[in-house]
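Below, each chain spelled out in residue letters.
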Amino acid sequence: MRRRPAGRAAGGGDAPVPMHPLSTPDPAVLKWVVPDGLLPFSGQVATAPPPLQALLDDATLESVHATAGAVLTLLGQGRSWSSEGARVRTALAEALTRPGLWEPVASARALGPDEALLAAAQEIAEGPVGELARRHGGAFLVRGAQGGVVEVELAGACHDCPAAVITMHTRFERLLRRRCPWLVEVLRTA
């Protein structure tokens, strides 16, 4: 099976990388959700591909941070998303097609497939699946990820609930596999 180049959408060519913005508690920061595992590090970006680097150089953006499955952009002082948002989106979309040109600061940490898988699993467990479990007095607790296998503990009311096991496989695993196709399996821990 031939793998697609990193940073290219399925189908190859110059197709854009899927992304969408989310607001954050800080109005100057937008979180851009990107495919998990696209950028191989978590931390501040030292150098970005042009034209994203141009927005850092001209102070449109004060900083750019990569995390598992997201890029955070901080607007420069005196800038607004209403006037700069389209420029940032366009520059980021182009930069994401060239993930090999992103350079992190020295303090950034490397993200391999298991780290990206763990971060996605924790986000899903805290989000939609976790909310369902909490409504029933339980919890999905992600305990680790190694070799493409995610370990989940079913706690509280979920511990002995047959429906929780079904939810783990039908909802949690399906959502995680959609975000991280390299997922091997989800295992329940004691």
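These numbers come from a predicted model, not from an experiment.

*Asks:* Lay out the overall build of the chain in plain terms, naming residues and giving numbers.
*Replies:* Across its full length, the chain holds five helices and ten strands. Along the three orthogonal principal directions, the C-alpha set of the chain runs to about 55 × 40 × 30 Å. Each of the 190 residues in the chain was classed as buried or not, and the buried ones make up 42%. Sequence-distant contacts, at least 24 apart, represent 59% of the contacts inside the chain between residues at least 6 apart. Accessible area for the chain stands at about 10,100 Å²; split by element, carbon and sulfur atoms hold 56% of it. Separation between the mean location of the 19 positive side-chain charges and that of the 19 negative ones in the chain comes to 6 Å.

*Asks:* Describe in detail empty space enclosed by the protein, supporting the description with residues and values.
*Replies:* Scanning all chains against the criterion turns up one cavity of 30 Å³ or more. Here the largest cavity defines a volume of roughly 40 Å³. What lines the largest cavity is Leu22, Lys31, Val33, Ala68, Gly69, Ala70, Glu123 and Arg179. Its residues assigned to classes, the lining of the largest cavity shows four nonpolar, one polar and three charged.

*Asks:* For the pattern of salt bridges, give the residues involved together with the corresponding values.
*Replies:* Across all of its chains, the model carries nine salt bridges by this definition. Here Arg79 ties to Glu84 by a salt bridge, and the two come within 3.2 Å at their closest N and O atoms. Using a relative accessible area of 31% as the deciding quantity, one classes Arg79 as partly exposed. Ionic pairing is found between Arg143 and Glu153, a salt bridge with its closest N-O pair at 2.7 Å. Of this pair, Arg143 sits in strand β8 (residues 138-146) while Glu153 sits in strand β9 (residues 149-156), and the two are ten residues apart along the sequence. One network of salt bridges, in which partners are shared, links Asp58, Arg79, Glu84 and Arg87.

*Asks:* Describe the packing of aromatic side chains, naming the residues involved and giving the relevant values.
*Replies:* The full count for this structure, using the stated rule, is one aromatic pair. When the ring of Phe140 is compared with that of Phe172, the centres are 6.2 Å apart and the planes differ by 25°; the resulting orientation is stacked. One end of the pair, Phe140, is in strand β8; the other, Phe172, is in helix α5 (residues 162-179), and 32 residues separate them in sequence. On the accessibility criterion, Phe140 (6% relative accessible area) is buried. Relative accessible area serves as the criterion here: at 0%, Phe172 is assigned to the buried category.

*Asks:* Outline the UniProt feature "domain: NIF system FeS cluster assembly NifU C-terminal" (unreviewed entry) in the chain, listing residues and values.
*Replies:* Mapped onto this numbering, the UniProt entry gives "domain: NIF system FeS cluster assembly NifU C-terminal" (unreviewed entry) at residues 134-186. When the span residues 134-186 is considered, its composition is 38% helix and 36% strand, and the gap between its end C-alpha atoms is 20 Å.

Criteria and thresholds
Residues numbered from 1 in each chain as written. Predicted model: local features only at pLDDT ≥ 70, side-chain atom pairs only at ≥ 80, totals over all residues. Heavy atoms only, no water. Helix = DSSP H or I, 4+ residues; strand = E, 2+ residues; numbered from the N terminus. Buried < 20%, exposed > 50% of the residue type's maximum accessible area, 1.4 Å probe, protein only. Contact = heavy atoms within 4.5 Å. Areas by Shrake-Rupley, 256 points an atom, 1.4 Å probe, with all protein chains shown as cover. Lys, Arg positive; Asp, Glu negative; His and termini not counted. Charge placed at Lys NZ, Arg CZ, Asp CG, Glu CD. 1 Å grid on protein atoms, 1.4 Å probe; cavity = no way out; pocket = protein on both sides within 12 Å on 5 of 7 lines; lining within 4 Å. Points joined across faces, edges and corners; volume = space filled by probe spheres on them. Nonpolar A, V, L, I, M, F, W, Y, C, P; charged D, E, K, R; others polar. Salt bridge = Lys/Arg side-chain N within 4 Å of Asp/Glu carboxyl O. Phe/Tyr/Trp six-rings, centres within 6.5 Å; stacked < 30°, edge-to-face > 60°. UniProt positions renumbered as here; feature names shortened; annotations may be inferred.

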